[in-house]
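Results of the structural survey
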Amino acid sequence: MMIGQKEICFGKQTYIMGILNVTPDSFSDGGDYTDTDKAVEHAKDMLHDGAVMIDVGGESTRPGYTLISEEEEIRRISPVIRRLREETDAIISVDTYKPKVAVAAIDSGAHIINDIWGLQSDPEMIRVAAKYQVPVIIMHNQDGTFYKDLMGEIKAFLVQSIDIALKGGLKNENIILDPGVGFGKTMEQNMEVMANLDQIRELGYPVLLGTSRKRMIGSILGLNEPKLRVNGTVATTVMGIMQGIDIVRVHDVRENAEAAKITDAIMRNLNG
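Predicted model only: the values in this text are computed from it and were never measured.

Here we take up unusual backbone geometry. Positive phi values are uncommon outside glycine, yet L119 reaches one of about 70 degrees. Mapped onto the elements of the fold, L119 is located in the loop between β6 (112-115) and α4 (124-132).

This is the structure in structure tokens:
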């Protein structure tokens, strides 16, 4: 399939999505790239290091994050997306669950909607996605961490979102799934998800994994500083690829791209 100027062949290789937070308060890099020039330069560095996709976020979704207005979110992301579209060949994703923000991002040049509520926060979002026929990353999320059957309930949520997408007019090939590591889950639940990623892949859609620098990794390694969690993130990337995931969303592109290339060569037989 073509996304932007890139031909994407899910199943043949792992694609790296670089995280570009243009926020003052993201858990790992808040405030680092609020300046448009710095944000664009960082995105170019990630592309050089092996990213194919850039995920632009204007509102932090860390635990306890501060809600901002749609207008403020648009003000943060639109100039960056326009510059990326003009100056690079990146596939651009917008990290938002707000339909108005998604429209502004697509109008500015974004190719993908990355919705942390899997089209279940606002019914207008599927109308936006269907109108523009852009791929949507459908992520599992919930308020609270109570589950009777963790994997069963995650899959049920994703199936419901897929149903919303298809009934709303989104093409089947425009659906990507994300199990939502770090969202509505305890550390133990996150680890259970990591051990069962193949169950998400069995739903029949490409799968994105987003574990980069997250608290689960810090808890296991005893690292409070998110920027020190690179090696732990790489370990989860390798685990994910071995279970069939297609996209990894990461802060540290070079390290994860190298790990993905090695794992792909072994698991997907890219070298012969």
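Structure's up, so let's keep going.
Here strand β8 (residues 175-178) shows a buried face lined by I175 and L177 and a second buried face lined by I176 and D178. Relative to β8, strand β7 (residues 136-139) is paired through four bridges, and the arrangement is parallel. Among the inter-strand pairings, I137 is bridged to a residue of β8, identified as I176. Note on the crossover from β7 through helix α5 (residues 150-167) to β8: the handedness is right-handed.

This part takes up the packing of aromatic side chains. In total, this model carries one aromatic pair according to the counting rule given. Ring centres of F10 and Y15 lie 5.8 Å apart, and the angle between their planes is 85 degrees; on these two criteria the pair is classed as edge-to-face. Taking the relative accessible area as the measure of exposure, Y15 reaches 5% and is therefore buried.

It is worth spelling out the packing of helix α2 (residues 70-87) against helix α3 (residues 99-108) at this point. As a packed pair, α2 and α3 sit with axes 8 Å apart at the nearest point and diverge in direction by 20 degrees. In terms of orientation, α2 and α3 fall into the roughly parallel class. As α2 runs across α3, the sense of the crossing is right-handed. On α3, the residues that touch E70, E71, E73, I74, I77, S78, I81, R82 and R85 of α2 are K100, V101, A104, A105 and S108. Looking at the contact of α2 with α3 residue by residue, the classes come out as six nonpolar, two polar and six charged.

Parameters at a glance
Residues numbered from 1 in each chain as written. Predicted model: local features only at pLDDT ≥ 70, side-chain atom pairs only at ≥ 80, totals over all residues. Heavy atoms only, no water. Helix = DSSP H or I, 4+ residues; strand = E, 2+ residues; numbered from the N terminus. Buried < 20%, exposed > 50% of the residue type's maximum accessible area, 1.4 Å probe, protein only. Pairing = 2+ DSSP bridges. Right-handed = clockwise from strand over helix to strand, strands pointing away. Phe/Tyr/Trp six-rings, centres within 6.5 Å; stacked < 30°, edge-to-face > 60°. Axes fitted to C-alpha atoms, helices over the stretch in contact; angles between N-to-C directions. Parallel < 35°, antiparallel > 145°, perpendicular 65-115°, else oblique. Left-handed = near helix turned anticlockwise from the far one by under 90°. Contact = heavy atoms within 4.5 Å. Nonpolar A, V, L, I, M, F, W, Y, C, P; charged D, E, K, R; others polar.

So far we have only geometry, and geometry alone does not tell us how the molecule works.
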